[in-house]
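What the coordinates show
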Amino acid sequence: MIEIGRRKLLIAGGAAAVLGAGTAPPAAGAVRPLAGDTSRRPDPGGQTVVAWNRTLLRILRTPGLQPATVHATRSFALLHTAVYNAVVAAHGVGRPYLFAVNGARGAAPQAAAAQAAHDVLAALYPSVAADLDQQLAADLAAIPDRQAREAGTRIGAWTARLLIGLRAGDGSAATPPALSPGTEPGQYRPTPPGFGAAVFTHWSAVTPWLLDRASRFRSKAYPALTSAGYANAAEEVRRLGQDTSTTRTDDQTVQARFWAAPIHNYWNEIAQSAATTRHSGLLASARLFAELNLTFADAVIAFYDAKYHHRIWRPVTAIRLADTDGNPDTVADPTWNPLAGTPNDPAYPGAHSVVAQAGADVLARTFGGGQRISVTSESLAGVTRTFNSFQDAADEAGISRIFAGVHTRLDHDAGQRLGHDIARYALHNLTDPPTPAA
């Protein structure tokens, strides 16, 4: 058995052959200079990382491939942590996540990245293994040096195997426990029209990737239902979020529909575009996607902790039952419906706001805040929205859920605070400070 990293996780078997003497991971506060991607670089644009990220997005958009009770951010974190650790080992520079693997001199980093990505995705989605095999073969065929290629694939295979083993018992495979519906004003209960059971009720118990506990930055207590702040938030979503609203503008309706897909997908695509446009090298791209997706994975664990701790009702419930909340400034409407379908989990904090804020913080740290970006949507084909900064995109993504009728501004504000806290913590604790993506 070998003790690895500051979590003191244990793995058995062949890891000892990989983690040789003197290759323990750096101490939590240690920083090693990160060299540019100019030596041994068959992938100057970092496109190996981007290509495998696109493959995972395609898998997740294929109905039936992602287990319903396993959050997709776990797959992104596994993929990109394995790729990053493999690239660090092949390059011989950088600070790996949780464990270090000895890299053979002259190993091809692109081969290490491709093999790690392939092995993680093949383990998670065996039904598409043949397609993954073809992608790996094409990546490896582009590396003419056989010895460098083979050394890289060994690193990638070991890295994927170790990481999958370390996360095998992380709680993600648990059966979600049933959640009893609330009965008091403010308490969450299933929402119309389907009144589906609450989802991911087990996710707050999943082992975090970087956080020491899921509740570390838990959102503060929800405002009293009798408060002016609550009344203002409820009235805003009642006016702007209704399916038949005449107050919501056409552009606000577009925003609600544009951001309706899984929010982590958008931010991975934004990262793809940023890395490609700025010609990020392999090492810089691997680090960026690892930072982004480890942050997302912990953000989801944390927001489910907060959601199921506070158990706040959704707007459709709050508005239909406003005559029970004790607040004379809220308006009850028993026939009120939101523009979008209400997710099957409590309202507070808002998931879109958490993840979007975390994504904006991670990308701004690497590329700078004032970046003009264009974003497309998998839920509203043919529409592109342009923003002057990552923060502008994050703000719109969060606020769009008010226009969709599924969150209030209270959920949004708490979500942004939580996303910012987690991103700041993750970036401080994960890797070396970023270098220019040249």
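Residues numbered from 1 in each chain as written. Predicted model: local features only at pLDDT ≥ 70, side-chain atom pairs only at ≥ 80, totals over all residues. Heavy atoms only, no water.

1. Structural notes on the environment of A107
Structurally, A107 is set in the loop between helix 3 (72–91) and helix 4 (109–124). For A107 and Q147, which are 40 residues apart along the polypeptide, the C-alpha to C-alpha distance reads 7.5 Å. (Helix = DSSP H or I, 4+ residues; strand = E, 2+ residues; numbered from the N terminus.)

2. Focus on the environment of H118
Positionally, H118 belongs in helix 4. Separated by 66 residues in the primary sequence, H118 and W52 place their C-alpha atoms 8.1 Å from one another. Not counting residues up to four positions away in its chain, the partners in contact with H118 are W52, L132, D133 and L136. Looking at H118, its side chain comes within polar contact range of the side chain of D133, at 2.6 Å. (Contact = heavy atoms within 4.5 Å. Polar contact = N/O pair within 3.5 Å; in protein donor to acceptor, adjacent residues only side chain to side chain.)

3. As for the packing of helix 2 (residues 47–60) against helix 5 (residues 129–141)
Close contact between helix 2 and helix 5 brings their axes to 12 Å; oriented N to C, the two are set at 170 degrees. In terms of orientation, helix 2 lies roughly antiparallel with respect to helix 5. Every residue of helix 5 that contacts helix 2 at T48, A51, W52, T55, R58 and I59 is listed here: L132, Q135, L136 and D139. When grouped by side-chain class, the residues that make up the contact of helix 2 with helix 5 number 5 nonpolar, 3 polar and 2 charged. (Axes fitted to C-alpha atoms, helices over the stretch in contact; angles between N-to-C directions. Parallel < 35°, antiparallel > 145°, perpendicular 65-115°, else oblique. Nonpolar A, V, L, I, M, F, W, Y, C, P; charged D, E, K, R; others polar.)

4. What to know about the nonpolar core
Counting 109 residues, the largest nonpolar core has W209, W259 and W267 as the members making the most contacts within it. Counting residues per element, this core draws most heavily on helix 10 (residues 282–310), at 17 residues. W259 has contacts with Y266, H352, V375, S379, F387, A393, E396, A397, S400 and R401, leaving out every residue within four places of it along the chain. (Core = buried A, V, L, I, M, F, W, Y, C linked by side-chain atoms within 4.5 Å. Buried < 20%, exposed > 50% of the residue type's maximum accessible area, 1.4 Å probe, protein only.)

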